[in-house]
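Each chain, letter by letter, is given below.
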Amino acid sequence: MIKLTSFQASNADPVCRAIVDHIAQQLDIQITFVNDIPYSERHRQFDAGEISGGWICGLPYVQKVDTQQAKLDLLGAPVMQKPRYRNQPVYYSDVVVHRESSFYTFADLQGASWAFNEVGSQSGYNITRYHLANLGFTSGYFSQAIPSGAHQTSLNMVLDKKVDASAIDSTVLETEVILHPEISRDLRIVERLGPSPMPPWVISKAVHEDIRDAIKETILSMHLIPIGQAILAGGQIKRIAQVYDQDYDLIRQMTQVAASVTL
């Protein structure tokens, strides 16, 4: 039994489960999608080899490969449908504020309150610190920076005016707007950070090479068959593209620059 999971926002769970089910059906192998445990436990089981792979943020991917010496194969990374992604496996961090606020640019946010999902996030944490480093700030830019635990929680904190702003994974935000169209009238995007390399699908090299290769071929070819196209479209995904470890060097570079910054 192969176990796969998602380290993405929970609103991506339906498309993740559909992709995993598709792989199992196409290859006639037993694969389970694990999403009923906390993210910390998913990481623990993944690091322990109890979970074999899944869809992971680019920051923990490079941390696991570089620091923990994890042996992982990259299966591919989604290319989103919207034109701003330019048919590439990238995404953005949309800095959002409440539409009734007086904030119109990132510069306006100096001294404002900020929410971020977690320190292990490229889109919500790492790229914000990278951006501040490039602006010449190492600490004290925001009056407070609150870890929320999830992008959707950060978003709700902005909508409820509990904080002034947050950087939200653009794919998470787009899905939330589809699920809850009414929120778009209460939000304003004041900055787009990125692009960052898209979170990849990965699998442990402890899985037999033939199976890894078959899963990779299945996931990369989904957009070529109607059922695969329909599954991907459910997550606003155009296709899943082949990616390589060096494609995530940008995150490594951002992390080095961001190291001096405290939110």
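Below is a short write-up of the structure.

Turning next to the pattern of salt bridges. Tallied over the full model, the rule gives 12 salt bridges. For the salt bridge of K64 with D47, the shortest nitrogen-to-oxygen distance reads 2.8 Å. Remark: D47 occurs in helix α2 (residues 39-48) and K64 occurs in helix α3 (residues 58-66); sequence separation between them is 17 residues. Residues R212 and D73 are paired through a salt bridge, measuring 2.7 Å at the closest nitrogen-oxygen approach. One end of the pair, R212, is in helix α7 (residues 209-220); the other, D73, is in strand β4 (residues 72-80), and 139 residues separate them in sequence. Through salt bridges with shared partners, one network takes in D66, D245, D249 and R252.

Attention shifts here to the pairing of strand β6 (residues 113-116). Note on strand geometry: in a regular strand, side chains alternate between the two faces of the sheet. Covered by surrounding structure in β6 are S113 and A115 together with W114 and F116, the residues of both alternating faces. Across 4 bridges, the pairing between β6 and strand β7 (residues 144-147) is parallel. Within β7, the position partnered with F116 by the bridge is P147. Bridge analysis of β6 against strand β8 (residues 165-169) gives 2 bridges, and the strand direction is parallel.

What follows is about the nonpolar core. Counting residues in hydrophobic clusters, the biggest one holds 47 residues, and the most contacted among them are I19, I31, Y61, W201, I219 and Y248. The element that contributes the greatest number of residues to this core is helix α1 (residues 13-27), accounting for 6 residues. In this structure, I31 is in contact with M1, I2, L4, V20, I23, A24 and I215, ignoring residues within four places of it in sequence. Of all hydrophobic cores here, the second largest spans 19 residues; its members include F103, F106, A167 and V261.

Taken together, the 5 strands give an open sheet; going across it, the order is β7-β6-β8-β5-β9, and neighbouring strands pair in mixed fashion. Each end of this open sheet is capped by a strand with a single partner; those strands are β7 and β9 (187-197). Neighbouring strand axes in the sheet, compared pairwise and without regard to direction, differ in orientation by 25 degrees on average. Note: strand β5 (residues 90-98) against β9, 8 bridges, orientation antiparallel. For V96, the partnering residue across the bridge sits in β9 and is I189. Where helix α4 (residues 122-135) meets the sheet, it contacts β5, β6, β8 and β9, and its direction lies at approximately 90 degrees from that of β9.

Parameters at a glance
Residues numbered from 1 in each chain as written. Predicted model: local features only at pLDDT ≥ 70, side-chain atom pairs only at ≥ 80, totals over all residues. Heavy atoms only, no water. Salt bridge = Lys/Arg side-chain N within 4 Å of Asp/Glu carboxyl O. Helix = DSSP H or I, 4+ residues; strand = E, 2+ residues; numbered from the N terminus. Buried < 20%, exposed > 50% of the residue type's maximum accessible area, 1.4 Å probe, protein only. Pairing = 2+ DSSP bridges. Core = buried A, V, L, I, M, F, W, Y, C linked by side-chain atoms within 4.5 Å. Contact = heavy atoms within 4.5 Å. Axes fitted to C-alpha atoms, helices over the stretch in contact; angles between N-to-C directions.

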